[in-house]
Amino acid sequence: METLKNAKTALAAANKNLTDFLNAFIDDKSFVETDAFICSSEGAAGDGVVSGFATVDDNAVCIFAVNGKTMKGAIGEANSKKIVRTINNAVRMGKPLIAVWDTMGARFTEGIGALEGYGSILRAYTVAYGDVPVITVVKGNNLGISSYVAGISDFVIAYPDSVIATASPLVIAGKAGVDVKTVGSVKAVKEKGIVTQVVKNDKELRETLAKCLAVFSGGKSYGDDVNRVCKGLKAGVAAEALISEVFDKKSFFELRMDYAPSVKTGFAALADVAVGVVAVTERITHDGCIKISEFLNVCENAECPVVFLVNSEGTEQTLADAALIREMSNLIYQVNSVGVDIFSVVYGKAIGGAYTALVAPAEYKIAWDSAEIGALESEAAARLLYADEIKSAKDKDKTAEKLAKAYGGENCAALVIAKDGYLDNVIEPNHTRSYLIAALLAHVE
């Protein structure tokens, strides 16, 4: 008969690598293991999953971690129950869930039992998503049906050598006729927006988890002066410089930076209040719409206000127009139905769909005095309205430029738009931070 001592020794030996990994990012001596001895008839001690409670940066969390060194992290009926119980505990306790995956796929010897296990995991994920923070960490591989958890997670964090794919990369590469090294690589999946953050080591993972958890706990103190006036902001400023000056210093935490780069999404703080940040710097693409929509889901889950920083000439005109229609429609729905306050700053242009989708629905909207807002860009409108005059001019481009400037001043200038009641205020760029803080604090309960 197996003794408790022998069982604990076998369990510790089987999970040593995973226990060391968990200890690298949880608070010291905070881990309390649950369901330690669950094991299938063919499984190793603990059945390849470690689960329990812990704290990370003083935030209480529920954790499960799949051990890639135990049967290659294969998911079966028994260890799926262990995973589901951890997810359900997070929902019951109202605590964030941290899920660590390192699996090559299902235990095919279990047949439908393994598929039922996957189904129960995805069902539990679905219940948790939107109810508690869901953070997925890919430690090594996440192959097979479990790869789909990326779409029902607030954050997906991976290491540079992680692989995420719906099947074996060998199978996918063979069918697609591509290099197996490119299938499911972090470089490939982060460019598609699957991964929100890539971390280089365990220390960076801990720092990233702390930032993620801070979003849901309401932010943290950055010690920045709420009365600080921005410096050097003017027409044509880059989004990076604008974000750096407007929000609390060193508070911006960017997500999905390699996906749809014309849109920046991330979290920051304003007067120590956590806010979502969406900076649109070019025409809106269908990938840009997806990026914003998915980010708004996370902001709503975190009950986090959103600040739009807009400098866009509208939507992109390409042969992918049908895809744009679908995703732009979804974005408009998301913006108009999201259950958090939206603040919009036009720091450049807000033309056509960019204004309709990102400025018009905002609870508070301001524009720089240099901003251009309209159904069409000034030059496009001038060339349309004054086509005959431009055509007959000796210097057509100079005439078009002159007419565009006149049209813009009369129809698209921020002050003109504000006089018709479409903006709450027109401001000098260096006062952007002050106006946003005042509006945010007025809305925050």
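Above this text is the structure in question.
Residues numbered from 1 in each chain as written. Predicted model: local features only at pLDDT ≥ 70, side-chain atom pairs only at ≥ 80, totals over all residues. Heavy atoms only, no water.

Another aspect to go through is the nonpolar core. Among the nonpolar cores identified, the biggest contains 66 residues, and Phe 25, Ile 98, Phe 155, Leu 205, Leu 209, Phe 267 and Phe 308 are the most heavily contacted of them. Leaving out residues up to four positions away in the same chain, Phe 155 has contacts with Val 134, Ile 135, Thr 136, Thr 196, Cys 212, Phe 216, Phe 253, Leu 255, Phe 267 and Val 298. In terms of nonpolar packing, the next biggest core, distinct from the first, is built from 28 residues, Tyr 347, Trp 368, Ile 427 and Leu 436 among them. (Core = buried A, V, L, I, M, F, W, Y, C linked by side-chain atoms within 4.5 Å. Buried < 20%, exposed > 50% of the residue type's maximum accessible area, 1.4 Å probe, protein only. Contact = heavy atoms within 4.5 Å.)

A word on helix α3 (residues 112-128). The end-to-end C-alpha distance of α3, which contains 17 residues, comes to 24 Å, matching closely the 24 Å that a straight helix rising 1.5 Å per residue would cover. Looking at α3, one finds that the buried residues are Gly 113, Ala 114, Gly 117, Tyr 118, Ser 120, Ile 121, Ala 124, Tyr 125 and Ala 128. Looking down the long axis of α3, one finds its buried residues gathered within 160° of arc, a one-sided arrangement. Facing away from the buried side of α3, by more than 90 degrees, are the exposed residues Ile 112, Glu 116, Arg 123 and Val 127. (Helix = DSSP H or I, 4+ residues; strand = E, 2+ residues; numbered from the N terminus. Expected span 1.5 Å × (residues − 1). Arc of directions from axis to C-beta.)

Before going further, it helps to examine unusual backbone geometry. One non-glycine residue, Lys 250, lies in positive phi territory at about 60°. Although it is not a glycine, Ala 271 adopts a positive phi angle of roughly 55°. Within the fold, Ala 271 resides in the loop between β10 (263-270) and β11 (273-280). Judged by its relative accessible area of 18%, Ala 271 falls in the buried class.

As for its placement among the helices and strands, Thr 103 is situated in strand β4 (residues 97-103). Since its relative accessible area comes to 0%, Thr 103 is described here as buried. Among residues more than four places away in sequence, those in contact with Thr 103 are Val 66, Lys 72, Gly 73, Ala 74, Ile 75, Asn 141, Asn 142, Leu 143 and Ser 146.

The next subject is the pattern of salt bridges. Scanning all chains against the criterion turns up 14 salt bridges. Salt-bridge contacts for Glu 327 lead to Arg 326; the nearest nitrogen and oxygen are separated by 3.2 Å. Judged by relative accessible area, Glu 327 falls into the buried class, the value being 13%. Judged by its relative accessible area of 53%, Arg 326 falls in the exposed class. Three or more residues are tied together by salt bridges with common partners; here these are Asp 224, Arg 228, Glu 245, Asp 248, Lys 249 and Arg 433. (Salt bridge = Lys/Arg side-chain N within 4 Å of Asp/Glu carboxyl O.)

What follows deals with the pairing of strand β6 (residues 155-158). Neither face of β6 is exposed, since Phe 155 and Ile 157 on one face and Val 156 and Ala 158 on the opposite face are all buried. Here strand β5 (residues 134-143) pairs with β6 via four bridges, running parallel. Residue pairing for β6: Val 137 is matched across the bridge by Ile 157. Where β6 and strand β8 (residues 197-198) come together, two bridges link them in parallel fashion. By the bridge assignment for β8, Ile 157 is matched with Gln 197. (Pairing = 2+ DSSP bridges.)

The volume enclosed by the largest pocket comes to roughly 400 Å³. Every residue lining the largest pocket is counted, 21 residues in all, and those nearest its centre are Ala 302, Glu 303, Cys 304, Pro 305 and Val 340. Going through the elements one at a time, α6 (202-216), β11 and α8 (286-301) are the ones with two or more residues in the lining of the largest pocket. Across the lining of the largest pocket, the residue classes tally to eleven nonpolar, five polar and five charged. (1 Å grid on protein atoms, 1.4 Å probe; cavity = no way out; pocket = protein on both sides within 12 Å on 5 of 7 lines; lining within 4 Å. Points joined across faces, edges and corners; volume = space filled by probe spheres on them. Nonpolar A, V, L, I, M, F, W, Y, C, P; charged D, E, K, R; others polar.)

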